[in-house]
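# Overview (structure and organization)
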Amino acid sequence: MTHLWVRAEQRPNEDRVGLTPEGAAALIAKGIEVTVEESSVRAIPIDGYRAAGCTIAAENSWPEAPRDAIIFGLKELPEDGTPLSHRHIMFGHAFKGQHSGKELLRRFKAGGGTLYDLEYLVDEAGRRVAAFGYWAGYAGAAVTLKAWAAQQRDEICGSVGVYPGKDALLSELAGELDALDAPRPRAIVIGALGRVGTGAADLCEALGVAVTKWDMEETASGGPFPQILEHDLFLNCIFARPGTPVFVPKSALTAPRRLSAIGDVACDPDSDYNPVPVYDRATTWDAPVLRVAQDPVLDVMAIDNLPSMLPVESSQDYAAQLLPSLLTLESLDTGVWGRAKATFDSHMG
């Protein structure tokens, strides 16, 4: 019997999960065994999984899971160097030149395990079957707006946290913007036709922020793109890959510009293809921005688990997208799983 083991997330500020109790019940009805670890932070309570018929395991007990279990999580595993012998479903961030990804692949090679990277679960046309993109864009735009608002108060953006829902986030941010003695800023979104860009634009428009929407057509020239510097906010919603243009070069740090806040929602600072090479590390919930220039000010928001700011909505949305693929777990050699395995194999040479 196929056995899916949903592990607890161990990264700070990570409350999401990729399977809801309703989804677990559907898997069990299909004949798939489901184990769910207890979690002190998961936004969806354990009781729903227990009622659905899941086996409940101790938090972070997956290393002792049966060898044939498929371990399912979202964010990265602890970087403890241990060999990985199981089959894992997660976002590995290992196939696009990320330096930390090389160590992860070494651990899989040492343990004989397999990574089915969630970013590389694609249909026959190469489109991802599930993504957190919309809520990443939504939350990323919100934090970038908070960074801009802090600048108007001659401050740097303070810590951010979890919201019970998008209405609470919108209410708080609208109040913050309304309290300023300044008109709403102007934003430019690159990748505006995708899930991430749509979420970013929707957040901006809900708060009365004018948005310039660019996608592949507007960036096909390869740059430079001086228009970006003419906006107050730039929201990068295009994931780094070979051939991605540089949108904000290092020269922008000292160039005349209106731009004062960048939201790098894609957040690939250690990729060789980073299109926003004015910063070198992700930011955190405690310190949401890096100040990369002083005169004039330029702050970069690059939090890499943005959807967890809205964990219930983002989990429910993502889990619904992913469930049809999870229901095919008994056929790991074909379809989306076979394609993900081929991607893993191609990087293990």
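Report follows, based on the coordinates. (Residues numbered from 1 in each chain as written. Predicted model: local features only at pLDDT ≥ 70, side-chain atom pairs only at ≥ 80, totals over all residues. Heavy atoms only, no water.)

### Describing the environment of L259
Following the sequence through the fold, L259 ends up in the loop between β9 (233-236) and β10 (261-264). L259 sits in the buried class, given a relative accessible area of 1%. Sequence separation of L259 and P185 is 74 residues, and the distance between their C-alpha atoms is 9.9 Å. Dropping the residues within four chain positions of it, L259 is found in contact with I228, L229, H231, D232, L233, F234, V248, V297 and L298. (Helix = DSSP H or I, 4+ residues; strand = E, 2+ residues; numbered from the N terminus. Buried < 20%, exposed > 50% of the residue type's maximum accessible area, 1.4 Å probe, protein only. Contact = heavy atoms within 4.5 Å.)

### Notes on the nonpolar core
One recurring pattern in soluble globular proteins is that nonpolar side chains are buried together. Ranked by internal contacts, the top residues of the largest apolar core, which has 43 residues, are L145, L177, L203, L306 and M309. Of all the secondary structure elements, the ones that give two or more residues to this core are α4 (133-152), α5 (166-178), β7 (186-190), α6 (195-206) and β9. Looking at which element gives the most residues to this core, the answer is α4, with 12 residues. Leave out the neighbours within four places in its chain, and L203 touches Y138, A141, A142, L145, L170 and L173. In terms of nonpolar packing, the next biggest core, distinct from the first, is built from 33 residues, I32, I44, Y116 and L329 among them. (Core = buried A, V, L, I, M, F, W, Y, C linked by side-chain atoms within 4.5 Å.)

### Side note on α5
Its 13 residues place the ends of α5 18 Å apart at the C-alpha level, agreeing with the 18 Å of an ideal helix rising 1.5 Å per residue. The inward-facing, buried residues of α5 abut α4 and α6. (Expected span 1.5 Å × (residues − 1).)

### Let's talk about the pattern of salt bridges
On inspection of all chains with the given rule, the structure shows 17 salt bridges. For the salt bridge of D299 with R291, the shortest nitrogen-to-oxygen distance reads 2.7 Å. Between K341 and D345 there is a salt bridge; the shortest N-O distance is 3.0 Å. Placement of the pair is K341 and D345 together in helix α9 (residues 335-346), with a separation of 4 residues, close to one helical turn. If you follow the salt bridges from partner to partner, you end up with K146, R153, E155, E172 and E176 in one network. (Salt bridge = Lys/Arg side-chain N within 4 Å of Asp/Glu carboxyl O.)

### As for the sheet that holds β10
Strand order in the open sheet made by the 6 strands is β8-β7-β9-β10-β12-β11, with mixed pairing throughout. For this open sheet the edge positions go to β8 (210-214) and β11 (289-294), each flanked by a neighbour on one side alone. The sheet shows a mean angle of 20° between the axes of neighbouring strands, direction not considered. Across 5 bridges, β7 lies against β8 in parallel orientation. (Pairing = 2+ DSSP bridges. Axes fitted to C-alpha atoms, helices over the stretch in contact; angles between N-to-C directions.)

### Side note on α9
Here α9 spans 17 Å end to end across 12 residues, near enough to the 16 Å set by a 1.5 Å rise per residue. All of the buried residues in α9 are V336, W337, G338, A340, T343 and F344. Those residues of α9 that are buried are in contact with β5 (87-90), α3 (99-111), β6 (114-117) and α8 (311-326).

### Side note on the sheet that holds strand β4 (residues 70-72)
With parallel pairing, the 6 strands of this open sheet are ordered in space as β3-β2-β1-β4-β5-β6. Each edge of the open sheet carries a strand with a single partner, namely β3 (55-57) and β6. Here the average twist between neighbouring strands, direction ignored, is 25°. Where strand β1 (residues 3-6) lies against β4, 3 bridges are found, and the strand directions are parallel. Each bridged residue has a counterpart across the sheet, and for W5 the counterpart in β4 is I71.

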